[in-house]
Amino acid sequence: MSKEGRKKGIVALAAAGCLILIYICTITGITSIPVGEINRILASKLLGAGAGAVDAGSEAIIWKVRMPRVILGFLAGGGLSVCGAAYQGIFRNPMADPYILGVSSGAALGASLGIIMHGSGGFAGLSLTALLAFAGAFATVFVVYHISRRGRTVPVASLLLSGIAVGQSLTALMSLVMIFNVQSMNQIMFWTLGSLNGKGWPQVMLAAPWLAAGAAVLLSMRRELDIMLMGEETATQLGVDTERLKKKVLISSSVITAVLVSVTGIIGFVGLVVPHVVRLAVGPKHRILLPFSLLFGGTFLVICDTLARSLSPSEIPVGIITAAFGGPFFLYLLRRSGKAGG
Amino acid sequence: MGGRLEFCGVSASYGETQVLSDFSMTLEPGDLTGLIGANGAGKSTLIRCVSGLLPLTSGRILLDGEDNAGFRPAARARKVAVVPQNFNVEFDFTAEDIVTMGRNPYAGEKGKSASRERRIVREAMERTGTAGFAGRLFSQLSGGEKQRVIIARAIAQEPEIILLDEPTSALDLSHQIEVMELVRQLSAEEGLTVMAVLHDVNLAARYCRRLVMMKGGKRIAEGSPREVVTRKNLNQIYNMKVIVREHPVFDCPEILPIRVLSGAATDRPLRIHVICGGAGAGRVLEELDEMGHDVSAGVLNQGSDDWAVCRALGIPMSEERPFTMISEEKQRENLEMMKDADVILVADIPFGAANINNLQGLEELGVPVVFHSHCQDFTGGGLAERISAIRRAGLLAEIGDHDEFLAMVRGDGPEIRKKDGKSE
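Per chain, residues are indexed from 1 in the order of the written sequence. Chains and ligands are labelled by the order in which they are written, letters from A for the one and numbers from 1 for the other. Local features in a predicted model are, by the rule used here, given only for residues with pLDDT of at least 70; side-chain atom pairs are given and counted only at 80 or more, and totals for whole chains, interfaces and linings are based on all residues.

Asker: Lay out the overall build of chain A in plain terms, naming residues and giving numbers.
Answerer: Regarding its fold elements, chain A presents 14 helices and 2 strands. Just to be clear, the radius of gyration here is over C-alpha atoms, and the globule rule we use is 2.2 Å times residues to the power 0.38. A globule of 342 residues ought to have a C-alpha radius of gyration of about 20 Å, and chain A, at 20 Å, matches this closely. With respect to the principal axes defined by its C-alpha atoms, chain A has extents near 65 × 65 × 35 Å. Our exposure labels follow a C-beta count within 10 Å of each residue's own C-beta, placed from the backbone: buried means 20 or more other C-beta atoms, exposed means 12 or fewer, and partly exposed covers the counts in between. For chain A, buried positions account for 49% of its 342 residues. For every residue pair, C-beta atoms are placed from the backbone, and the pair is scored as a contact if these atoms sit within 7 Å. Within chain A, counting contacts between residues at least 6 apart in sequence, those at least 24 apart form 75% of the total. Helix and strand definitions follow DSSP, with helices as H or I runs of at least four residues and strands as E runs of at least two, each counted in order from the N terminus.

Here you go:
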């Protein structure tokens, strides 16, 4: 029991550490605002305390720009990491990430179509680009799932291969769209690199419920996901309805990923690396792996995004930062642990 | 307690390849059944079919009378536990984590208490002797420890039936016995219905009360080990020369695999008689027989090692009762057998008063005699006297070991003078 207690202590400590890091990221930015003022703004908004005299501009920057951006960054990083962890579990493949079934390619094609149509329209705070990206992402998973079907079963190997094949075809189509619309090439390019720039509360409000619901479903399957690591046949023999499990994981992960991608573009590497790092730290059990992936993935992306918006006056797409930092860090961990990590 | 598992005319295939055809078998509650057969006979496929991993093309599998196809995985896992052949886990789970997974089929149950679940896991580990390393990483355990952890996981499932797929194939000798003892306990003490796919016919014969032999997806023999482990049946599944004999310690048959049949017999078969009867001629007898020569032997005391080899290989021989002096009658019978031989081999045996008359009258047969010069004499000169008589008849050749004789027979050594001057 004391072992359990210690574990809870570690979780609380990690959570506190992440909160502090997120706070530091919130007070960091190109526009320098005194920390005291930021604290007063946060206190008034979050705790309902009297704000006192604060500069309206500062308040707008903190509350309308930075705060939702930090939260969205946390949701995106956490969501992608949870999906990556679940996918690596059911595919038993260390290279699995949330985009492996072609979600990113489908979203990118949808987004590029939205961009060349110059986004006249939108719905529920979402641009046409985001809507088309979402549609593209979801349609892709649907197609990949049905291509991979063999009678009543959906073999993991054919899922992975069809995911790659469909993804490549869609990427080719997107390139074609870019070639014929050279004037939009930059914009499409930036979209595919992923960014949290210009995102506000509407995007947070849109993504949060889906993420919460999806993550709750994934977490509810933690025990079956553990058993799935024994191999699909053994899992069946241990009473896991593997086809149902795969379907539930695919649907919930696809919903999370599609929503996030349509809002932020393709932020790479987080969903691949964070689960591995967390697994090395806390072990393979999904009961603890999934929440920690959410926590660390979220914090990691918030930090990367802070760098993206602070390093240079013109924003760097956050996907570049995640890859640039995540890759070497991951390699370091691999070498240190001396095993495949997954 | 134990459940009943019935296979009723089961057929199944991987794509175009049919792996089970019209297979029927019933496992009665509490039975320990061994499934033997060559690779690809369909043994492991049976287990996959029970697990619902491979759909049947025809026939039915009944679990306690209910159609297996209608079970959801969790319900089936409460009745049937499988110990798979391959259980590598690349992830950092402890032994206890692995055993706890056996409780998964009961996850949806209402009113189960965490302490009861932990107790079941603990008991399963204690029964398999794995509780001592519950907290160690599974991936760092030895092969035998891993196998026992996987069996503990099966026990934690509280099943009625346990199916084991080659539980001993990756284990060293002592762990093989350890695991088989455990398997026997499951059926004998817990009353579980157990079926084990086994490669090792001897382990199967020793531990299982009932054996089923498979070939090409069909059942070709079924019954007690004595009924199933016969030379005739084994010849059907293995292209091998095997010797079936009584296990020297346990009350069961035992096989000695001799060699894979090559089918390359000599084109010049010789009539060879071997005078033996101790423990040293088994190999030369077997090799001569394998080369396709017409071998006979005598006079052998029943119960001697050479006698057992001749009996197992079906080599005609002249036999005397155990530990008895060779009677005149048998000696004459032996001479009669040697008459038409092309060559007589006196194998490496000790000669004493009881068997020296084996060499009586050889000089009069006109058959060349090849004599192993290491033969010991316990007659006080009787052997030397016999040898010189044969030498005087101009029939004696000496060898230092049996390989020299085999070389002669092959034509690689000194020529064997055939009878009637047929020498080539």
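Having seen it, we continue.
Asker: Account for helix H4 (residues 114-127) of chain B, with residues named and values stated.
Answerer: All names here are of chain B. Multiplying 1.5 Å by the helix residue count minus one yields the expected span of that helix. If you check H4, its first and last C-alpha atoms are 20 Å apart, about what 14 residues at 1.5 Å a residue would give, namely 20 Å. Along H4, the residues classified as buried are Ile120, Val121, Ala124 and Met125. On an axial view of H4, the arc spanned by its buried residues comes to 130 degrees, and they lie on one face. When the buried face of H4 is taken as reference, the exposed residues oriented beyond 90 degrees from it are Ser115, Arg116 and Arg119. Among the structural elements, helix H3 (95-100) and helix H5 (143-156) are those in contact with the buried residues of H4. Gly129, located one to two residues past H4, shows a positive phi value of around 65 degrees. The arc in question is formed by the directions pointing from the helix axis toward the C-beta atoms.

Asker: Quick rundown of the sheet that holds strand S10 (residues 218-223) of chain B? Include the residues and the values.
Answerer: Residue and element names in this part refer to chain B. If DSSP finds at least two bridges between two strands, the strands pair. The 6 strands lie next to each other as S6-S7-S8-S3-S9-S10, forming an open sheet whose pairing is mixed. With one partner strand each, in any of the chains shown, strand S6 (80-83) and S10 form the two edges of the open sheet. If you compare each strand with its neighbour and ignore which way they point, the axes differ by 20 degrees on average. Here S6 pairs with strand S7 (residues 161-165) via 4 bridges, running parallel. If you follow Val82 over to S7, its bridge partner there is Leu163. Geometry is summarised by axes, namely lines fitted to C-alpha atoms with helices restricted to the contacting stretch, and by angles between N-to-C directions that run from 0 to 180 degrees. Here helix H1 (residues 43-50) sits on the sheet in contact with strand S3 (32-37), S6, S7, strand S8 (193-197) and strand S9 (210-215), set at roughly 140 degrees to S7.

Asker: Tell me about the environment of Gln85 of chain B, residues and numbers included.
Answerer: All names here are of chain B. If you trace the backbone, Gln85 turns up in the loop between S6 and H3. The sequence separation of Gln85 and Ile356 amounts to 271 residues, and the corresponding C-alpha distance is 56 Å. With near-sequence residues (within four places) excluded, Gln85 lies in contact with Ser44, Asp165, Glu166 and Ser169.

Asker: Lay out H1 of chain B with the relevant residues and their values.
Answerer: Of all 8 residues in H1 of chain B, 7 are buried, a share of seventy percent or more. The complete set of buried residues in H1 of chain B reads Lys43, Thr45, Leu46, Ile47, Arg48, Cys49 and Val50 of chain B.

Asker: Can you break down the packing of helix H4 (residues 103-116) of chain A against helix H7 (residues 185-193) of chain A residue by residue, with the values?
Answerer: Residue and element names in this part refer to chain A. Across the interface, H4 lies against H7 with an axial gap of 10 Å and an inter-helix angle of 145 degrees. Considering the relative orientation of H4 and H7, their crossing is right-handed. In contact with Ala108, Ala111, Ser112 and Ile115 of H4, H7 contributes Gln187, Ile188, Trp191 and Thr192. Residue composition of the contact of H4 with H7, by class: 5 nonpolar, 3 polar and no charged. In this scheme the handedness of a crossing depends on how the near helix is turned from the far one: anticlockwise by less than a right angle means left-handed, clockwise means right-handed. Polarity classes work like this: nonpolar for Ala, Val, Leu, Ile, Met, Phe, Trp, Tyr, Cys and Pro, charged for Asp, Glu, Lys and Arg, and polar for all others, with Gly in that last group.

Asker: Could you give me a rundown of unusual backbone geometry, with the residues and numbers involved?
Answerer: Only a minority of non-glycine residues have a phi that is not negative, and only a minority of peptide bonds are not trans. Cis peptide bonds are those with omega within 30 degrees of zero, and the linkage from Gly298 of chain B to Val299 of chain B qualifies with -15 degrees. In this structure, Phe269 of chain A takes a positive phi of about 80 degrees despite not being glycine. Relative to the elements of secondary structure, Phe269 of chain A occurs in the loop between helix H11 (242-264) and helix H12 (270-282). Of note in the backbone geometry, Glu158 of chain B takes a positive phi value of approximately 45 degrees without being a glycine. Looking at where Glu158 of chain B falls in the secondary structure, it is placed in the loop between H5 and S7.

Asker: I'd like a description of the sheet that holds strand S14 (residues 294-301) of chain B, backed by residues and values.
Answerer: All names here are of chain B. Taken in spatial order, the 6 strands make up an open sheet running S15-S14-S13-S16-S17-S18, and their pairing is parallel. Whereas interior strands pair on both sides, the edge strands pair on one side only; in this sheet they are strand S15 (317-320) and strand S18 (396-399). Taken over all neighbouring pairs, the strand axes of this sheet differ in orientation by 20 degrees on average, direction set aside. Inspection of the sheet shows strand S16 (residues 343-346) paired to strand S17 (residues 369-372) by 3 bridges, in the parallel sense. Its bridge partner lying in S17, Ile344 is registered against Val369.

Asker: If you had to explain the interface of chain A and chain B to someone new, which residues and values would you point to?
Answerer: Listed as interface residues are 15 residues of chain A and, on the opposing side, 18 residues of chain B. Elements with a minimum of two residues in the side of chain A that touches chain B: helix H9 (222-228) and helix H10 (232-237) of chain A. Top contributing element to the side of chain A that touches chain B by residue count: H10 of chain A, with 4 residues. Among the residues making up the side of chain A that touches chain B, the classes are represented as 6 nonpolar, 5 polar and 4 charged.

Asker: Go over the environment of Ile288 of chain A, please, and point to the residues and values.
Answerer: Residues and elements named next belong to chain A. Locating Ile288 in the fold gives a position in helix H13 (residues 286-310). For Ile288 and Ile27, which are 261 residues apart along the polypeptide, the C-alpha to C-alpha distance reads 30 Å. When residues no more than four places from it in sequence are discounted, the contact partners of Ile288 are Val282 and Gly283.

Asker: Please give an account of the pairing of S8 of chain B that cites residues and values.
Answerer: All names here are of chain B. S8 sits mainly inside the fold: 5 of its 5 residues count as buried. On S8, burial covers both faces: Thr193, Met195 and Val197 on one face and Val194 and Ala196 on the other are all buried. Two elements, S3 and S8, share 4 bridges in a ladder whose sense is parallel. When the bridges of S8 are listed, Leu35 appears paired with Val197. Of the pairings in the sheet, the one linking S7 to S8 comprises 5 bridges and is parallel in character. Considered in S8, the bridge of Ile161 is made with Thr193. Whether a crossover is right-handed comes down to one check: with the strands pointing away from the viewer, does the path from the first strand over the helix to the second run clockwise; if it does, it is right-handed. This β-α-β element, S7 to helix H6 (residues 173-188) to S8, shows right-handed connectivity.

Asker: How would you explain the confidence of the model for chain B if you had to name every residue and give the values?
Answerer: Fine structural detail should not be taken from predicted coordinates in areas where pLDDT scores are low. Confidence scores here are pLDDT values: one per residue, from the predictor, ranging 0 to 100. Across chain B, the average pLDDT comes to 89, with 97% of residues at or above 70. Across the interfaces of the predicted complex, the ipTM metric reaches 0.84, alongside a pTM of 0.82.

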